[in-house]
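Chain residues, written in single-letter form:
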Amino acid sequence: MKEKIKIAVIGCGRFSPSFVPLFKAHPFVEKVYVCDEKRERAENFSERFGVDIIDSFEQALESDEINSIAIFTQRFKHGEMVIAALKAGKHVYSAVPCSLSVDEIIEIEKLVRETQLTYSMGETGYYRAAAIFCRREFAKGTFGKFTYAEAHYNHDIRNMERSFRSSGGDEWRKYAGIPPMYYPTHSTAMILSTMPGVYAKKVIALGFSGSPRTDIFGVEGQNLYNNPFSNTTMLLELSNGGIARVSENRCVGWKAPETYISQYYGTDGGYEFSVAHHSLAHWDPERPGKVIMEDVTKELQPKCISDVLYSDYADTIQKIADGADFYDTVPIQPVERLPEEFKGIRNGHNGTHHFLIDDFCRAVETGKLSPTNIWQVARYNIPGLLAHESALQGGVAIDVPDLGEPPEDWEVLWS
Ligand SMILES: NC(=O)c1ccc[n+]([C@@H]2O[C@H](COP(=O)([O-])OP(=O)(O)OC[C@H]3O[C@@H](n4cnc5c(N)ncnc54)[C@H](O)[C@@H]3O)[C@@H](O)[C@H]2O)c1
């Protein structure tokens, strides 16, 4: 067995409280430190979770004891902090996105390849029910040849003020105006993770600049990015000839479900989702020209939803819209592989948090790659960064660079 994980969680804001207890409980982790520029936040975490404080990110990098860093800082800081951590010889877990810059993603890939350190991005979309389902059915051949899929991440700015205020204070609007396509990985991961080796070759995008939130989205200094778009939709030409459409909406009359695949079609079958119902269609060998339509909802919804969906539909879809399913796992998720120690610890984002921390810890322990390794993550993240450029230019087509596959002798966990 390798040296156990001694990790510093950088950023004690709103998201990381869901993860410190998981790092602490994981059997491969020996020690957890917390760190925040706002010292009182680290002190609060230290008291709540019974962990020690490390005074600064720089001290964590210099420490001989700490061998891993978990980045939970604001979106625009991830790239440079991940690069610094890898250069300091640390394994890295990073909240999404990977980076806001293509060059930084390229540098992270180069560093991981050279150092063979673990980099794992905590992409909740990877373990959402629909992604697991489409991965499984695509691998079985149910869909035949992939043709087209749509995924969405709807997160209205009305529900994000507290998040951006957390670090942005009264200047929060400048950060909240981040281009929606700078945060594309929840949606892209759901589609691309279903098809091994497939990546985007070309992107075309259009942005919506008519948001009533002119205090946040605009080109007159409302935000740090001079970003006029609250919503952006991109079309991706994929390397297998298929097409994906991804929408990132920050001004939209919708709350939950928030990250989902609405449609996923192949030449022989299709999956569709609408608010509560998950359906699978495939050709019927007995009846030429007709399909068998299966309701696969039970496997893809938590019990708290599927138990009552058919007896009280109106009430249940309201429950979904209110996020009642946020913490629960669903039958299709392989919970049996998780450490016993995670039982009873709060989950989140439709039961995905436990898997993400387990992947990181197992990747460090085994030396294998996490499923959300840098080569996959580059494929999830880079198309969005270029989609924003495309949208700014009125929808011009832009070629998307691909960083290729991981080294052949570096096995991926669970493959
Ligand atoms: N579904 C998801 O995957 C999901 C959901 C929510 C948030 N996130 C990601 O998680 C990250 C954190 O989000 P949040 O809401 O907790 O943000 P936050 O602003 O509440 O917290 C960030 C914290 O990092 C601290 N920080 C910044 N730079 C630092 C440094 N150099 N050293 C030490 N501390 C530093 C800040 O002081 C702050 O407390 C974001 O990048 C976001 O994209 C992902």
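Here the structure is a predicted model, which means the values were calculated and not measured. Along each chain, residues carry numbers from 1 onward, in the same order as the chain's sequence is written. Under the rules for a predicted model, residues below a pLDDT of 70 receive no local features and side-chain atom pairs below 80 are neither given nor counted, while totals for whole chains, interfaces and linings still include all residues. Based on all heavy atoms of the structure, the side-chain values leave hydrogens and waters out of the count.

Draft legend 1. Inspection of the site of the ligand at higher detail. Whether a residue is near a molecule or strand depends on its heavy atoms: it is near if one of them lies within 4 Å of it. As a structural note, the neighbourhood of the ligand is formed by 27 residues, with Asp 36, Arg 41, His 78, Ser 166 and Ser 167 the closest of them. Between N or O atoms, a polar contact is any pair within 3.5 Å; within protein, one atom must be a potential hydrogen donor and the other a potential acceptor, and residues adjacent in sequence are included only when both atoms are from side chains. The separation between an oxygen atom of the ligand and a polar main-chain atom of Thr 73 is 2.8 Å. His 349 places a polar side-chain atom, nitrogen or oxygen, 3.2 Å from a nitrogen atom of the ligand. Isolated, the ligand exposes 860 Å² of accessible area, and the fraction of that covered by the protein chains is 92%. Helix and strand definitions here come from DSSP, where helices need a minimum of 4 consecutive H or I residues and strands a minimum of 2 consecutive E residues; each element is numbered from the N-terminal end. Where the shell around the ligand is concerned, the elements lending two or more residues are helix 4 (78-87) and helix 7 (161-168). In terms of residue class, the shell around the ligand is built from nine nonpolar, 11 polar and seven charged. Here the shell around the ligand gathers at least three residues from each of two domains, domain 1 (5-124) and domain 2 (125-329 + 373-399). The method behind every accessible area is Shrake-Rupley, applied with a 1.4 Å probe, and residues are considered shielded solely by the protein chains displayed. We call Asp, Glu, Lys and Arg charged. Ala, Val, Leu, Ile, Met, Phe, Trp, Tyr, Cys and Pro are nonpolar, and the rest, Gly among them, are polar. Domain limits in this description derive from either an automatic procedure or a database domain assignment.

Draft legend 2. How the structure looks around a nonpolar patch on the surface. Put simply, a patch holds well-exposed residues, over 30% relative accessible area, that have no salt bridge, with like charges counted together within 9 Å and Val, Leu, Ile, Met, Phe, Trp or Tyr side chains within 5 Å. What makes a salt bridge here is a side-chain nitrogen of Lys or Arg within 4 Å of a carboxyl oxygen of Asp or Glu, nothing more. A cluster of nonpolar side chains, Ile 204, Leu 235 and Ile 243, forms an exposed patch at the surface whose accessible area comes to about 230 Å². Take Ile 204: it is sitting in strand 8 (residues 200-208).

Draft legend 3. Representation of the pairing of strand 2 (residues 29-35). Among the seven residues in strand 2, five count as buried, and that is most of the element. Looking at chain direction, strand 1 (residues 5-10) and strand 2 are connected through six bridges and run parallel. The residue bridging Val 9 from the neighbouring strand is Val 34, located in strand 2. Crossovers are marked right-handed if the path from the first strand over the helix to the second runs clockwise, as seen with the strands pointing away from the viewer. The parallel pair strand 1 and strand 2 is bridged by helix 1 (residues 20-25), and the resulting crossover is right-handed. As paired elements, strand 2 and strand 3 (residues 52-53) share two bridges and run parallel to each other. Bridge pairing links Val 34 to Ile 53 in strand 3. Handedness of the crossover is the feature at issue here: the chain leaves strand 2, passes through helix 2 (residues 39-49), returns alongside strand 3, and the resulting connection is right-handed. Burial classes: relative accessible area under 20% of the type maximum marks a residue as buried, over 50% as exposed, and values in between as partly exposed (1.4 Å probe, protein chains only). DSSP-based pairing: two strands are paired if at least 2 bridges between them are found.

Draft legend 4. Molecular detail of the domain arrangement of the protein. In terms of domains, the protein is made up of domain 1 (5-124) and domain 2 (125-329 + 373-399). Between domain 1 and domain 2, the C-alpha centre-to-centre distance is 26 Å. Between two residues, a contact is recorded if the distance between any of their heavy atoms is within 4.5 Å. At the junction of the two partners, domain 1 supplies 22 residues and domain 2 supplies 27 residues. Here domain 1 meets domain 2 over a buried area of about 2,200 Å², counting both sides, of which 63% is carbon and sulfur. Applying the counting rule to domain 1 against domain 2 returns zero salt bridges. Residue assignment for the side of domain 1 that touches domain 2 shows that the elements contributing at least two residues are helix 5 (102-115) and strand 6 (119-121). Looking at the side of domain 1 that touches domain 2, the element that brings in the most residues is helix 5, giving six residues. Class assignment for the residues of the side of domain 1 that touches domain 2 results in 11 nonpolar, four polar and seven charged. Once two parts are joined, some of their accessible surface, as seen by a 1.4 Å probe, is lost; buried area is that loss totalled over both.

Draft legend 5. Here's a closer look at the packing of helix 9 (residues 185-192) against helix 14 (residues 374-392). In the contact formed by helix 9 and helix 14, the axes pass within 9 Å of each other and the chain directions differ by 125°. In this view, helix 9 runs oblique relative to helix 14, as classed from their interaxial angle. Where helix 9 crosses over helix 14, the two elements pack in a sense that is right-handed. Contacts between helix 9 and helix 14 involve Thr 185, Thr 188, Ala 189 and Leu 192 from the first element and Arg 379, Tyr 380 and Asn 381 from the second. Split by residue class, the contact of helix 9 with helix 14 holds three nonpolar, three polar and one charged. Every axis in this analysis is a line fitted to C-alpha atoms, fitted for helices over the stretch in contact. Angles between the N-to-C directions lie between 0 and 180 degrees. In these notes the angle categories are as follows: under 35 degrees is roughly parallel, over 145 is roughly antiparallel, 65 to 115 is roughly perpendicular, and the rest is oblique. Crossing handedness follows the turn of the near helix against the far one: under a right angle anticlockwise gives a left-handed crossing, and clockwise gives a right-handed one.

Draft legend 6. Geometry of helix 13 (residues 353-366). Each helix should span, by expectation, one fewer than its residue count multiplied by 1.5 Å. Compared with the 20 Å implied by 1.5 Å per residue over 14 residues, the 20 Å span of helix 13 between its first and last C-alpha is a close match. Across the 14 residues that make up helix 13, a large majority, 12, are buried. Here the buried face of helix 13 lies against strand 1, helix 1, strand 2, strand 4 (68-71), strand 5 (91-94) and strand 6.

Draft legend 7. Fine view of the packing of aromatic side chains. To pair, rings of Phe, Tyr and Trp, with the six-membered ring standing in for Trp, must have centres within 6.5 Å; the planes then decide the type, stacked if under 30 degrees apart, edge-to-face if over 60, and tilted in the middle. Within the structure shown, the criterion is met by 20 aromatic pairs. One aromatic cluster in this structure is built from Phe 15, Phe 19, Phe 23, Phe 72, Tyr 93 and Phe 360. By the criterion adopted, a ring carries a charge over it if an Arg CZ or a Lys NZ lies within 6 Å of its centre and within 35 degrees of its normal. Positioned above the aromatic ring of Tyr 33, the side-chain terminus of Lys 31 is 5.0 Å from the ring centre. For Arg 135, the ring lying beneath its charged end belongs to Tyr 126, and the centroid distance is 3.7 Å.

Draft legend 8. Molecular detail of the pattern of salt bridges. Tallied over the entire structure, the rule returns 28 salt bridges. Its salt-bridge partner being Arg 245, residue Glu 150 comes within 3.4 Å of it at the nearest N-O pair. Taken together, the positions of Glu 150 in strand 7 (residues 146-154) and Arg 245 in strand 10 (residues 243-249) put the pair 95 residues apart, joining distant regions of the chain. Overall, the relative accessible area of 8% leaves Glu 150 in the buried class. Owing to a relative accessible area of 23%, Arg 245 belongs among the partly exposed residues under this scheme. With a closest N to O distance of 2.8 Å, Arg 362 and Asp 358 form a salt bridge. Of this pair, Arg 362 and Asp 358 both sit in helix 13, four residues apart, which is roughly one turn of the helix. The network of salt bridges with shared partners includes Arg 136, Glu 137, Lys 140 and Glu 299.

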